[in-house]
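Summary of structural features
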Amino acid sequence: MRHFTKESFFIMKFNLKTYFSKTTNAAPLAVFRIGFGLMMLVSIIRFWWHGWIETIYIQPTFHFKYYGFDWVSSLGAYNYVLFFICGLSALFIALGFKYRWAMLAFFLSFTYIELIDKTTYLNHYYFITVLSFLMLFLPANAKFSIDNLLRKKSYDTIPRWCIDSIKLLLAMVYFYAGLAKINSDWLFRAMPLKIWLPSKYDLPFIGNSLMQQEWFHFAMSWSGMFYDLTIPFLLLYKRTRLFAFALVVFFHIFTRVLFPIGMFPYIMIVATLVFFDASVHEKIIAFIKRLLKPFRSHFSEPKLVSNYSIANQKWILPVLTVFLAFQMLFPFRYAFYKDELFWTEEGFRLSWRVMLMEKMGLTTFKIVDAKTGDYFYVDNSDFLTNFQVKQMSFQPDFILEYAHYLGDHFKEQGHKNIQVFVESYVALNGRLSQQYVNPEVDLYQEKESFKRKNWILPFKDEIKGL
Amino acid sequence: MIRKSLLAFFTLSLLLGCSSSDEGDSGSQNDGFDRQVMLSNWADNIIIPAYQDLNADLMDLSAQKEAFVNSPNQANLETLRASWLSAYKTWQYLEMFTSGKAEETNYVFQMNVYPTNVDDIEANIASGNYDLSNPNNNDAVGFPALDYLLFGLAETDAQILNAYTSNTKAEANKTYLSDVVNQMQSLTATVLNDWTGTYRDAFVNSTGNTATSATNKMTNDFIFYYEKGLRANKIGIPAGVFSAAPLSSKVEAFYNEEISKTLALEGLNAVQDFFNGKAYNSNATSGSFKAYLEYLNTINNGEDVSALINSQFNAARTKIESLDNNFVQQVETDNTQMTEAFDALQKVVVLLKIDMVQAMSIRLDYADSDGD
């Protein structure tokens, strides 16, 4: 442990001060804003197009809630309005039109949508929420935006930390995803890739040759881990940057071919452009300008002002520092639980743990009359969609929440002395299924909390690692 | 850092390089599992022969029905009943198949929805004006409707015969009986002709791994039938495991009163034979879930899931064999044995739905999954 002398403390303070007064070209942030807005717009349209608004947010009679967010409820048919607002604000963000308000509307509507039902939880949705919160505070409309035309002012430079904070967030997502891959299942059993890849036999060319090879599963596992851990540094370092970007494109396209992961690969490819020098982004802007040439003659060029200084930097900086520090620490909360993380999933979500598990469950609920001992089983499809049943079956917090829902439901129907027992079997990463929830525990009496869930039966194997 | 980037570069160029060549490296055992062998075994040795058998059974049923309608006497009633039972047993080998024309025509729902709805049947007979293929009539047609018409119209055989002879509704009863049999026969012929025609090749060539590929659909249909058609309908629902009290009137072949166990055992055999890829007409086996799981095990070195599944099938069979021939009787005298049979069947659901599906990585595309 290094001790700070008074002197070194002052040096640091001084350095921080100079750091926060440093400025940089505004172009990368402007391009990032445009890319972000367009990607989000496409994502929303795609979601709508697949009919998922209906099947995921409107059809289900019951929604699984994040702990502490029970009050977020589905808006029924008005979910379409919510998605419309979300998509429209994404478009405004891309255009740089009323950027702050658009960003706020996007952040709120997107986050609200995600909070309606945790069945759809994906790390990359959470990433969008985190990123859009950060972007609320950044002057992403300083350059090449409609806001510039309205104010007749455009800015050449912005504070340097604005771009660095995005880089930091991106680097963190990759690096933490890499750390999570340092575990014995991923590295020494090549799980779950060993299950997933052989099923891609119908891919042209490599489907029937590579995908069944054990060495290939291991090569993919290990290179995936190294990729995640090193890519932030390779992107930061100028000499390796172009190579790193080629890797980014290759890896994300490859995973897109292999797995049904939607828009995420494209979002990451566009996002990592932010690591490039301003000159690249200026070229991109010049290119878009050329495309827009026919429409631009109506507007007078905004006046160029040198630096965009953030009015409220004094309180924005502490807020963002706390926010980013929280993001750094939060994924490590699993250390407070002694059980196997993959098994109990206590502290699993919101931590950039992606593609680590092939986990499936079969969970049936038994409603018992405590006095008479009479019981019956619940047909899950009476209450949940297939997708919800699938997700519920192996995630303890889902099982508990649903047990309470069923208990309340049957109480309302006039059943007495209700107990809710669970017969649940779960298989993890190619292991044989084993009983998951203690069948003797009446879940109707158990409460959700951050405490350890002692009604989950212990995992009969061990997974070593971070 | 440079070393790591070199390593990453090296690994990746290796991957890229290998994807375009390097196939002959480890010999012919890397051809992988041939799904087409499995699909053609299913189609040529199991599904089509079973449909052909059912079709023959139903032609016989149709002939016996004609004989009975022309002269409704005890002897003809008994031959007709025997023919019905024989077809009903064959049917147990087909209820799990719902693709092709069977899906288009809602075939399974027109063949074996039980309990049958006596009010609907009587209303149809009374009005003489009905569309048997209408979904509202699903519970008034098929084997369960015949169960009622041949065993349930009255208490005794003499009274049943009376319903087809001197009763005022005798003509209407005969017409309905005849129409139901004809409908079953023509539907089956349609489904069979589709299989022997173009559908067989479409099925066998659908070797991909998407939600609509033959293997994936078949896996889902198979598990769905096992869970719903066999486990729940035949055992669980009558035993009352999904309701506050047992529902003995919901057994299969309720009016016959003797064969609910026979049919359940046929259903279980059908499921296990299909799992093992056993041909319908012989003991030959070929491509199957079992073979697929064994192949995947050579990659994963995991547990022998197919052996576990077979031994649990056998355990469930032992439980069912110890039940009364008539499940109504069993439910009303000792329902515990019935729920034990259910529990034994349920254990296979766990193995099929989790362990088998996980190993085969059969996916349903609900929505996006997480990605890196």
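Residues numbered from 1 in each chain as written. Chains lettered and ligands numbered in written order. Predicted model: local features only at pLDDT ≥ 70, side-chain atom pairs only at ≥ 80, totals over all residues. Heavy atoms only, no water.

The name that an unreviewed UniProt entry assigns to chain B is Imelysin family protein, with the source organism given as Subsaximicrobium wynnwilliamsii. According to its UniProt record, chain B has this under Subcellular location (unreviewed entry): "Cell envelope". (UniProt positions renumbered as here; feature names shortened; annotations may be inferred.)

Moving on: the domain arrangement of chain B. Residue and element names in this part refer to chain B. Looking at chain B, the domain boundaries give domain 1 (33-205) and domain 2 (208-363). A C-alpha centroid distance of 23 Å is found between domain 1 and domain 2. Each partner contributes to the interface: domain 1 provides 35 residues, whereas domain 2 provides 40 residues. Across the contact surface, domain 1 and domain 2 share one salt bridge. The salt bridge partner of Lys217 is Glu103, with a shortest N-O separation of 3.1 Å. Counting every contact that joins domain 1 to domain 2 gives 15 residue pairs in polar contact (both at pLDDT 80 or more). When residues of the side of domain 1 that touches domain 2 are traced back to their parent elements, those giving at least two are α2 (35-70), α3 (74-91) and α7 (142-152). Looking at which element gives the most residues to the side of domain 1 that touches domain 2, the answer is α2, with eleven residues. Split by residue class, the side of domain 1 that touches domain 2 holds 20 nonpolar, nine polar and six charged. (Domains from an automatic or database assignment. Contact = heavy atoms within 4.5 Å. Salt bridge = Lys/Arg side-chain N within 4 Å of Asp/Glu carboxyl O. Polar contact = N/O pair within 3.5 Å; in protein donor to acceptor, adjacent residues only side chain to side chain. Helix = DSSP H or I, 4+ residues; strand = E, 2+ residues; numbered from the N terminus. Nonpolar A, V, L, I, M, F, W, Y, C, P; charged D, E, K, R; others polar.)

Residue and element names in this part refer to chain A. Its place among the elements puts Gln327 in helix α15 (residues 313-329). For Gln327, a relative accessible area of 3% translates into the label buried. Here the side chain of Gln327 touches Tyr126 through a polar contact of 3.4 Å, side chain to side chain. If we skip the residues at most four places from it in the chain, Gln327 touches Tyr126, Val130, Met172, Tyr176 and Trp352. (Buried < 20%, exposed > 50% of the residue type's maximum accessible area, 1.4 Å probe, protein only.)

Turning our attention to the UniProt feature "domain: Imelysin-like" (unreviewed entry) in chain B. When the UniProt feature table is mapped onto this chain, "domain: Imelysin-like" (unreviewed entry) is found at residues 47-346 of chain B. Across residues 47-346 of chain B, the secondary structure splits into 69% helix and 0% strand, with the terminal C-alpha atoms separated by 25 Å.

Residue and element names in this part refer to chain A. Taken as a whole and judged by the stated rule, the model has nine cavities of 30 Å³ or more. In this structure, the largest cavity spans a volume of roughly 190 Å³. If you trace the largest cavity, you find 16 residues lining it, with Ser43, Ile44, Phe47, Phe110 and Tyr125 closest to the centre. A total of five residues in the lining of the largest cavity trace back to one element, the largest contributor, which is helix α2 (residues 27-49). Residues that form the lining of the largest cavity fall into these classes: eleven nonpolar, two polar and three charged. Quantified by volume, the second largest cavity comes out at close to 120 Å³. The wall of the second largest cavity is formed by twelve residues, among which Trp186, Met220, Phe251, Thr255 and Met355 lie closest to the centre. Elements with a minimum of two residues in the lining of the second largest cavity: α11 (214-236) and α12 (238-258). Looking at which element gives the most residues to the lining of the second largest cavity, the answer is α12, with three residues. Among the residues making up the lining of the second largest cavity, the classes are represented as eight nonpolar, two polar and two charged. (1 Å grid on protein atoms, 1.4 Å probe; cavity = no way out; pocket = protein on both sides within 12 Å on 5 of 7 lines; lining within 4 Å. Points joined across faces, edges and corners; volume = space filled by probe spheres on them.)

Attention now goes to the layout of surface pockets. All names here are of chain A. Counted as a void, the second largest pocket has a volume near 1,200 Å³. Taken together, 44 residues line the second largest pocket, and the ones lying closest to its centre are Tyr66, Tyr67, Phe69, Arg349 and Leu350. Secondary structure elements with two or more residues in the lining of the second largest pocket: α5 (99-116), α6 (123-135), α15 and α18 (396-412). Looking at which domains feed residues into the lining of the second largest pocket, each of domain 1 (22-332) and domain 2 (358-445) gives three or more.

Let us now look at the sheet that holds strand β3 (residues 303-307) of chain A. Residues and elements named next belong to chain A. Spatial strand order, β1-β2-β3: three strands in an open sheet with mixed pairing. A strand with exactly one partner marks an edge of an open sheet, and here the two such strands are β1 (23-25) and β3. Direction aside, neighbouring strands of the sheet carry axes that sit 35 degrees apart on average. Pairing geometry for β1 and strand β2 (residues 153-159), over three bridges, is antiparallel. Residue pairing across strands places Asn25 opposite Thr157, the latter belonging to β2. (Pairing = 2+ DSSP bridges. Axes fitted to C-alpha atoms, helices over the stretch in contact; angles between N-to-C directions.)

A word on unusual backbone geometry. Here the residue pair A:Met191 and A:Pro192 is connected by a cis peptide bond, since its omega of 5 degrees sits within 30 degrees of zero. A cis amide bond links B:Tyr114 to the next residue, B:Pro115, at an omega of 0 degrees. Here B:Pro115 shows up in the loop between α5 (107-111) and α6 (118-127). The backbone phi angle of A:Leu350 is positive, close to 55 degrees, even though this residue is not glycine. Unusually for a residue other than glycine, A:Asn429 sits at a positive phi of about 50 degrees. With respect to the helices and strands, the residue A:Asn429 is situated in the loop between β6 (418-428) and β7 (434-435).

Quoted interface sizes are often the accessible area lost when the parts come together. The interface of chain A with chain B comprises 70 residues on the first partner and 56 residues on the second. Interface area, chain A with chain B, both sides summed: about 5,500 Å², of which 64% is carbon and sulfur. Linking chain A with chain B are zero salt bridges. Here chain A is connected to chain B by seven residue pairs in polar contact (both at pLDDT 80 or more). Looking at the side of chain A that touches chain B, its residues break down into 41 nonpolar, 19 polar and ten charged. (Buried area = accessible area lost by both parts, 1.4 Å probe.)

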